[in-house]
Amino acid sequence: MITASEARSGTEPAAVGLRVERRTDPIGIDEPRPRLSWRVHLEKPAIRQAAAAVQVATDPSFRRDAITWSGAVIGPETATAYDGPSLASRDQRFWRIQLTDDRGRTSRWSESASWEMGLLDPSDWVARWIGWIDPARASWSARSPLLRRAFRLDQTAVRARAYVSALGFVELHVNGTPLGDDRMAPGWTDYRQRIQYQSFDVANLLRIGENVLGARLGRGWFAGEIAAFGAEQYGDVPALLVQLEVALADGRRVVVASDPSWRAHPGPLVSDDLLMGESIDARDEPSGWLEPGDLGGGWQPTVVRAGPGGRLVAQRDPGVRIAAELEPRSITAAGPGRVLIDLGQNIAGHLRVRASEPAGTTITVRHAEVLDDAGELYVANLRSARQTDTYTFRGGGEEIVEPRFTSHGFRYAEVSGLSGGLEPSQVTARAVSSMGPEIGSFACSDELVNAIHRNVVWGLRGGLVGLPTDCPQRDERLGWTADAAAFAPSALFLGDTAALFERWLVDLADAQLPSGAYPDVAPQIGVTGSGNAGWADVGILLPPMVYRETGDRRVLERQYESMRRFLAFLEADQVGGVRHGGRYGDWLALEGATSLELIGTAYLAHSARTFAGVARLLGRTGDAARVDRLATRATSAFRRRFLTAAGSLVHETQTGYALALAFGLVPRAVRQAAADRLAATIETAGGHLLTGFLGTTVVLDVLSDHGHHELAARLVRQDTYPSWGFQARHGATTIWERWDGWTPEHGFADPGMNSFNHAAFGTVAGWLHERLAGLAPGTPGYATMLVRPRPPAGIDWARAAHESAHGRHAVEWRVDGRHLEISVDVPPNTFAQVAVPDDSRNVRVDGRRRPAARRVVVGWGHHVVEVER
Ligand code: BGC
């Protein structure tokens, strides 16, 4: 992807794609020392940046008196933290980069970029939380209100910012234009600890004369149902916080903030709930309320609410967006006024229907992931989540039927109450997701494997809605820790999700117990447990995953104290290196239970080792040494207790072997023997995995890394039960929660625990990217990439691509008999290390012979490596 400014930069080096906190010209950030990063455009024969100069100024002229900070980077690093004078609320800064390549050529200054600080201090906020209390009923089914405020400007606005937050969901309009395209703003945090706000540049939307701010509120996570724990977990009615700050041409400043002068109206949202669905009565939308002019009747006072206590923080992740629009695959008549829609794809999202009906006609839209034997919606597995929308027509022409503040997990929808049928052209499905722009891709010669990969992508889209969740359909949709740990590597490869995980790690730290244990879900809610092996450990395992993707250590620094507290919990939770695994074990495994103590002890060793690595990287050598001792104690305990001298497990399970090998717990001398036993247990199961959440996450990599790559590939291509291919062959368009979600013999599994869109088992994608196509970061952030294609029998070609901070990395390989050709795209300023298969001969790089090379290093550009095997 080359941007206009990249194309422009002709024949000299240039810094392009300038970003602040990984966003382009952000406003309203609250990072005191923002990270500035750029991409490098070079001309051959230069291959790297040798140095970069940074200038930060108060205006884009960059005149000497405007410059507030000059920095320098020596070497190829393309990011630096702003280290100038401290920044105040609303400060705007412009910055640019001049780079020198390794041939000594210096670029012109880049085009300038900018950032702007948000409201950093609680005293910056004059706005109050306002809401509306339905005099009739203040229970959960009370209507969510419309809130409105008109004001006059007598001059042009030269600058205007709206800072917006809500307890619940908000959609704010300025003179009828909605701000942003985030569907569930401002996201779910523990509102008692922190509440996110968003910042918008609204100067272009204001006019001289009367202006109107109009907000729709929804109950969202604040007041709506959460999982099976009921509604009103944080508060009873949604509330709004808005602060509009306008600078006029003559220098005056006008502030319009939420306060009791706003007016409220019950509005068309009869009820709204993330799990239950939304009921709209379009007749109740007051006409023209978003535009200047006289208000009709029915407007009532607003009330000032006390906030729940959380600190206001700038939203840093991109939020929930419409990720895709789908046309229905089919619409069939299912009875009078009733149709059944099949999208051909299980999604998280909703329908958008264009229809006309007489005033007062109500249609009902129900949603389900699968159909039952009679061809009707199967809703038992949704548990208490009703996922039902209704819409009552205003009448008099075509209307858009689309819910705003809810989301459903579904492939099928039933629309009833219509006076006629529905044409496909009237229906669009909108899939929502927090996955951001998709930055990774994969394909290979086996269509079944491609279908599995597509299922993972759709699983991640649906699993990442506002936060990393377990599933998008039933009354759950929680930030389950083990699920996030399982799918984070694939999610980071495939979507622009680093900021989402960084934010969720803060939620996780917010939820940490005084003991240091992490709860099972974050934000913490209801009566879930804590400290469970494989679940709580996400607090240690996830920060390095994010660092591996971004190369930005701050995620490690920010989480460090929280991680340390968890290690203190682990220290207290073990006896002689043995940790009881807690509650879940290898969740949803088909094999006999892997002992909880085996799992607990394995994760104790792994988390301790991982933390020690982080501590060492951050120079905390004392912590590293202490925790290394804990890891050693756990490793010895594991060996004594669970392994025989020959490298077998005392009680053999696939997951037991997978964890032991993945976490380095098997002595080197018997490692291969243990891997061979793992392979044998898989063969005994007819070439099938019987692993649950924990084992499945690591087992394929373990096989490939211990001499059983062909078996790993067979498992991925397997299409009999249980396997990913079995699901795909039986019509799955997402990854199922359990291997036995549906079987020909038993039909649907226990509806109490049977989601058909559950990203956790989707870890197969990580293997496809890194072990099959062979594209992985060689160093955190992809300053070098590791290319290690491993063609197994039956797959002739594979490719993967990933957009890192440096640009596009791509690998494609093809086998033809004994000839293997590997194409590699390496972005400027980076290298690729290509590891050719062990049995390679006659290695050629870009047509030139490289004698006996096992690892070939190539710089930026397109390269072709050919080998005979
Ligand atoms: C969730 C999981 C989660 C598990 C914990 C389930 O209800 O959907 O994915 O990790 O509980 O055992």
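About the criteria used
Residues numbered from 1 in each chain as written. Predicted model: local features only at pLDDT ≥ 70, side-chain atom pairs only at ≥ 80, totals over all residues. Heavy atoms only, no water. Helix = DSSP H or I, 4+ residues; strand = E, 2+ residues; numbered from the N terminus. Buried < 20%, exposed > 50% of the residue type's maximum accessible area, 1.4 Å probe, protein only. Contact = heavy atoms within 4.5 Å. Areas by Shrake-Rupley, 256 points an atom, 1.4 Å probe, with all protein chains shown as cover. Lys, Arg positive; Asp, Glu negative; His and termini not counted. Charge placed at Lys NZ, Arg CZ, Asp CG, Glu CD. Near = heavy atom within 4 Å. Nonpolar A, V, L, I, M, F, W, Y, C, P; charged D, E, K, R; others polar. Pairing = 2+ DSSP bridges. Axes fitted to C-alpha atoms, helices over the stretch in contact; angles between N-to-C directions. Phe/Tyr/Trp six-rings, centres within 6.5 Å; stacked < 30°, edge-to-face > 60°. Lys NZ or Arg CZ within 6 Å of the ring centre and 35° of its normal. Parallel < 35°, antiparallel > 145°, perpendicular 65-115°, else oblique. Left-handed = near helix turned anticlockwise from the far one by under 90°. Core = buried A, V, L, I, M, F, W, Y, C linked by side-chain atoms within 4.5 Å. Expected span 1.5 Å × (residues − 1). pLDDT = per-residue confidence, 0-100.

Right, let's talk about the overall build of the chain for a bit. Within the chain, the regular secondary structure consists of 15 helices and 47 strands. Projected onto the principal axes, the alpha-carbon positions of the chain cover approximately 80 × 75 × 55 Å. Counting across all 869 residues of the chain, residues that qualify as buried make up 61%. Taking the contacts inside the chain whose residues are at least 6 apart along the sequence as the reference set, 73% of them involve residues at least 24 apart. Element-wise, carbon and sulfur atoms account for 50% of the exposed surface of the chain, whose accessible area totals about 31,400 Å². Looking at the chain, you have 94 positive and 102 negative side-chain charges, and the mean spots of the two groups are 5 Å apart.

For the rest of this paragraph, the subject is the site of the ligand. What surrounds the ligand is the set Asp470, Arg474, Glu476, Trp480, Asp483, Trp535, Tyr584, Trp587, Phe693, Glu737, Met753 and His758. In isolation the ligand offers 310 Å² of accessible surface; the protein chains occlude 97% of this area. Among the residues making up the shell around the ligand, the classes are represented as 6 nonpolar, 1 polar and 5 charged.

Pairing is antiparallel across the open sheet formed by 6 strands, whose spatial order is 12-11-14-9-17-20. Each edge of the sheet is formed by a strand with only one pairing partner; in this case those strands are strand 12 (177-178) and strand 20 (300-301). Direction of pairing for strand 11 (residues 169-174) relative to strand 14 (residues 209-218): antiparallel, over a ladder of 6 bridges. In the sheet register, leucine 172 faces strand 14, and the bridge partner there is alanine 215.

The next point concerns the sheet that holds strand 47 (residues 861-868). Pairing within the open sheet is antiparallel, and its 7 strands lie in the order 33-40-41-42-47-44-45. The open sheet has two edge strands with one neighbour each: strand 33 (440-444) and strand 45 (848-850). Here the strands of the sheet are splayed against their neighbours by 15 degrees on average, with no regard to which way each runs. Where strand 44 (residues 841-845) lies against strand 45, 3 bridges are found, and the strand directions are antiparallel. Counterpart to valine 843 in the pairing with strand 45 is arginine 850.

A few words on the packing of aromatic side chains. Summed over the entire model, instances satisfying the criterion amount to 29 aromatic pairs. A network of ring pairs unites the aromatic residues Trp480, Trp535, Tyr584, Trp587, Phe693, Trp724, Trp739 and Phe761 as a single cluster. When the ring centre of tryptophan 860 is taken as origin, the NZ or CZ atom of lysine 44, which lies over that ring, is 4.6 Å away. Geometry around tryptophan 458 places arginine 461 over its ring, the cationic atom sitting 4.2 Å from the centre.

Quick look at the packing of helix 5 (residues 498-510) against helix 7 (residues 554-573) now. Where helix 5 contacts helix 7, the axes come no closer than 10 Å and their chain directions differ by 10 degrees. Judged by the angle between their axes, helix 5 and helix 7 are roughly parallel. For the pair helix 5 and helix 7, contact is made by Glu502, Leu505, Val506 and Ala509 and by Val555, Gln559 and Ser562, respectively. When its residues are assigned to classes, the contact of helix 5 with helix 7 shows 4 nonpolar, 2 polar and 1 charged.

The subject of this paragraph is the packing of helix 6 (residues 538-550) against helix 8 (residues 596-617). Packing of helix 6 against helix 8 brings their axes to within 9 Å, and their N-to-C directions diverge by 45 degrees. Taken together, helix 6 and helix 8 sit at an angle that is classed as oblique. Where helix 6 crosses over helix 8, the handedness of that crossing is left-handed. On helix 8, the residues touching Ile540, Leu541, Pro544 and Tyr547 of helix 6 are Tyr603, His606, Ser607, Thr610, Phe611, Val614 and Leu617. Tallied by class, the residues present in the contact of helix 6 with helix 8 amount to 8 nonpolar, 3 polar and no charged.

In terms of backbone geometry, most residues other than glycine have negative phi values and most peptide bonds are trans. Of note, the amide linkage connecting alanine 185 to proline 186 takes the cis form, showing an omega dihedral of 5 degrees. Along the chain, the position of proline 186 falls in the loop between strand 12 and strand 13 (194-201). Of the consecutive residues tyrosine 721 and proline 722, the connecting peptide bond is found in the cis state with omega at -10 degrees. Take proline 722: it is sitting in the loop between helix 13 (709-717) and helix 14 (724-729). Even without being glycine, asparagine 175 reaches a positive phi, approximately 50 degrees.

Here the focus is helix 15 (residues 764-773). A large share of helix 15 lies buried, amounting to 9 of its 10 residues. Three or more residues of helix 15 are buried, namely Val764, Ala765, Gly766, Trp767, Leu768, His769, Arg771, Leu772 and Ala773.

What follows concerns the nonpolar core. Ranked by size, the top nonpolar core spans 191 residues in total, and within it Ile341, Leu351 and Ile822 carry the most contacts. Among the elements that line this core, the one with the most residues is helix 8, at 11 residues. Not counting the four nearest positions on each side in its chain, isoleucine 341 is found in contact with Pro328, Ser330, Ile331, Leu351, Arg411, Tyr412, Ala413, Val415, Leu422 and Val427. If you look at the next biggest cluster of nonpolar residues, it comprises 29 residues, including Phe151, Leu153, Val164 and Val170.

The terminal C-alpha atoms of helix 9 (residues 621-642), which comprises 22 residues, lie 31 Å apart, in line with the 32 Å expected from a rise of 1.5 Å per residue. Of all the positions in helix 9, only Asp623, Ala624, Val627, Asp628, Leu630, Ala631, Ala634, Thr635, Ala637, Phe638 and Phe642 are classed as buried. Where helix 9 is buried, its residues meet helix 7, strand 34 (574-575), strand 35 (578-579), helix 8 and helix 10 (654-662).

Moving on to the confidence of the model for the chain. In the predicted model, the chain carries a mean pLDDT of 96, and 98% of its residues have values of at least 70. Low pLDDT (under 50) marks residues 1-9, which in the prediction has 13 contacts with non-local residues, meaning those over four places away or in another chain.

Burial of strand 33 is extensive: 4 of the 5 residues sit out of reach of the surface. Two elements, strand 33 and strand 40 (residues 797-804), share 5 bridges in a ladder whose sense is antiparallel. Bridge assignment links cysteine 444 to a residue of strand 40, and that residue is alanine 798.

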